[in-house]
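Chain by chain, the residues run as shown.
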Amino acid sequence: MANHRKPRLAIMGEFSSGKSTLCNVLLGSRPLLEKVTATQLPPVWLSHGSAPAYVQLLDGTREPLDVADLGGVSLDGTEHVRIYLKSEMLKYCDLIDMPGISDPSMAPEVWERMAHLADGVLWCTHATQAWRQSEAGVWATFPEELRAHSMLLVTRFDKIISEADRLRVLKRVATETRGLFAEFFPISLTQAMAAGDDQQAWVASGGYGFTNALFDLVNRLADSDATLTDEVQDQEPEQPESAAEKSLVSTHFDRLRLVRTGTTVPAGERVLPRRVSATGARQPRPEAARPVALGGNVVAFAERAGASPQDGGGVTGPASPLTQSKG
């Protein structure tokens, strides 16, 4: 009987676009991920657990890997590296950290041979030079059906100081990526990582809006035919909650899961659900979303009254699949 496996999300983008920082934000772990996302590495597949890491070779064989020696893994003959981490986020989905697409010293085949395993993509593009032609050219080679399950992150958005410049960037990206991604989010990953318990800082960084959309995406994929499998999955006994690394994103996911399942939220924890759940049912909101006009037909829906696009609301073009589904 076929089972649903966990969704797999590939983290992609050009060199220095914020991919490694995104990994840190998602997993809540720094030291290992600095090694994982080093340059000249093959794709790194991250899963939950404590199983030994290994190198998957192109001939189908596996070799054990000491993560301390990760930087020494050769690109020649290697398909990917598989690493298991005690991260709460990885209980929801697997992450595949891809090499930068613009690295001139790395053949595109290094990441192309793993791209087919991704159910969705989190694409990072630097705000000051967002969505370059080289990025558009690579993304055009991916299957169209992947677009509805992928998101674009306009990273380092805090580097754009002028409000007029911010709106200009959002308008241009919305126009040039219309229909190419489900949604895109202006975000400062460093601010999101440093937000801690400061809800205002979490929202202002863009982390709040992005995490809500990511939760919806992961749940849609988990329930879809894309994750059906007859294969035996690598599984381990459940570990105590305290044994896993928690991030702001995984903590937010836990709270949203409580809302989705109708479980009582612990006292003192405020949950602000999205306008529409993964199943399409409308969810109650403590405050009405306010559309922020960006010009033309482009509208950013802020996640709270009075919020601006950079505060964390996702942006979709009028042709975006999710724009239509959300009413």
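Our subject is the structure listed above.
Small disclaimer: the values here were computed from a predicted structure and weren't measured.

Rules used in this analysis
- The numbering scheme is per chain: residues are counted from 1 as the chain's sequence reads.
- Whole-chain, interface and lining totals are the exception, using all residues; otherwise, since this is a predicted model, local features are given only for residues with pLDDT of at least 70 and side-chain atom pairs are given and counted only at 80 or more.
- Side-chain numbers here rest on the full set of heavy atoms in the structure, without hydrogens or water.
- Working convention: axes come from line fits to C-alpha atoms, limited for helices to the stretch in contact. Angles between N-to-C directions cover 0 to 180 degrees.
- Every helix listed is a DSSP run of H or I at least four residues long, and every strand listed is a run of E at least two residues long, numbered separately from the N terminus.
- Orientation labels follow simple angle bins: below 35 degrees gives roughly parallel, above 145 gives roughly antiparallel, 65 to 115 gives roughly perpendicular, and whatever is left gives oblique.
- Left-handed describes a crossing whose near helix is turned anticlockwise from the far helix by less than a right angle; the clockwise case is right-handed.
- Contact definition: two residues touch when any of their heavy atoms are within 4.5 Å.
- Buried residues are those whose accessible area, probed at 1.4 Å on protein chains only, stays under 20% of the maximum for their type, while exposed residues exceed 50% and partly exposed ones sit between those limits.
- In this analysis, strands are considered paired if DSSP registers two or more bridges between them.
- To estimate the expected span of a helix, subtract one from its residue number and multiply by 1.5 Å.
- Here, the arc refers to the directions that run from the helix axis to the C-beta atoms.
- Pairs were defined over the aromatic rings of Phe, Tyr and Trp, the Trp ring being its six-membered one, requiring ring centres within 6.5 Å. Orientation was assigned from the angle between planes: stacked under 30 degrees, edge-to-face over 60, tilted for the rest.
- Lysine and arginine charges are scored as sitting over a ring when NZ or CZ, respectively, is within 6 Å of the ring centre and within 35 degrees of the ring normal.
- Here a salt bridge means any side-chain nitrogen of Lys or Arg lying within 4 Å of a carboxyl oxygen belonging to Asp or Glu.

Turning next to the packing of helix H8 (residues 207-222) against helix H9 (residues 248-261). H9 packs onto H8 with a crossing angle of 60° between their chain directions and a minimal axis gap of 10 Å. It follows that H8 is oblique to H9 by the angle criterion. Relative to H9, H8 is oriented so that their crossing is right-handed. Touching Tyr-208, Thr-211, Asn-212, Leu-214, Phe-215, Val-218 and Asn-219 of H8 are Val-249, His-252, Phe-253, Leu-256, Arg-257 and Arg-260, all from H9.

Attention now goes to the pairing of strand S7 (residues 94-97). Taking every second residue as pointing to the same face, both faces of S7 are buried, with Asp-94 and Ile-96 on one and Leu-95 and Asp-97 on the other. One ladder, built from four bridges, connects strand S2 (residues 8-13) with S7; its direction is parallel. Across the sheet, residue Ile-11 finds its bridge partner in S7, namely Asp-97. Pairing of strand S3 (residues 44-48) with S7, which is carried by three bridges, proceeds in the antiparallel orientation. Looking at the pairing, Leu-46 lines up with Leu-95 of S7.

Note on helix geometry: an α-helix contains 3.6 residues per turn, so any two residues three or four positions apart are oriented the same way. Between its first and last C-alpha atoms helix H5 (residues 163-176) spans 20 Å; for 14 residues at 1.5 Å apiece the expected length is 20 Å, and the two agree. Buried residues of H5: Arg-166, Val-169, Leu-170, Val-173 and Ala-174, and no others. Taken down its axis, H5 places every buried residue within 130° of arc, on the same side. Buried residues in H5 make contact with strand S9 (151-155) and strand S10 (183-186).

Right, let's get into the packing of aromatic side chains. What characterises a pair of aromatic rings is the spacing of the ring centres plus the angle enclosed by the ring planes. In this structure the tally under the stated criterion is nine aromatic pairs. Taken together, a centroid distance of 5.0 Å and an interplanar angle of 80° make the contact between Tyr-92 and Phe-253 edge-to-face. Remark: Phe-253 occurs in helix H9 and Tyr-92 occurs in the loop between strand S6 (78-85) and S7; sequence separation between them is 161 residues. No difference in accessibility class separates Tyr-92 from Phe-253, as the two residues are buried. In textbook terms, an aromatic cluster arises when at least three aromatic residues are bridged by ring pairs, as seen for Trp-111, Trp-123, Trp-131, Trp-139, Phe-142 and Phe-181. If you follow Arg-82 out to its NZ or CZ, it ends over the ring of Trp-45, 3.9 Å from the centre.

So, on to the pairing of S3. Judged by how many residues are buried, S3 sits mostly within the fold: five of five residues are covered. The alternating pattern of S3 places Val-44, Leu-46 and His-48 and Trp-45 and Ser-47 on opposite faces, both of which are buried. Inspection of the sheet shows S3 paired to S6 by five bridges, in the parallel sense. Its bridge partner being in S6, Ser-47 is matched across the sheet by Tyr-84.

If you walk through the whole model with that rule in mind, you get ten salt bridges. A salt bridge links Lys-91 to Glu-88; its shortest N-O distance comes to 3.4 Å. Classification of Lys-91 as partly exposed rests on a relative accessible area of 24%. With a shortest N-O distance of 2.7 Å, Asp-254 and Lys-246 are connected by a salt bridge. Of the residues examined, Asp-254 reaches a relative accessible area of 16% and is grouped as buried.

Moving on to H9. Across its 14 residues, H9 extends 20 Å between first and last C-alpha, which sits within 8% of the 20 Å expected from 1.5 Å per residue. The set of residues buried in H9 consists of Val-249, Ser-250, His-252, Phe-253, Asp-254, Leu-256 and Leu-258. Buried-residue contacts for H9 involve helix H1 (19-27), helix H7 (199-204) and H8. Just downstream of H9, Gly-262 is the residue with a positive phi angle, here 80°.

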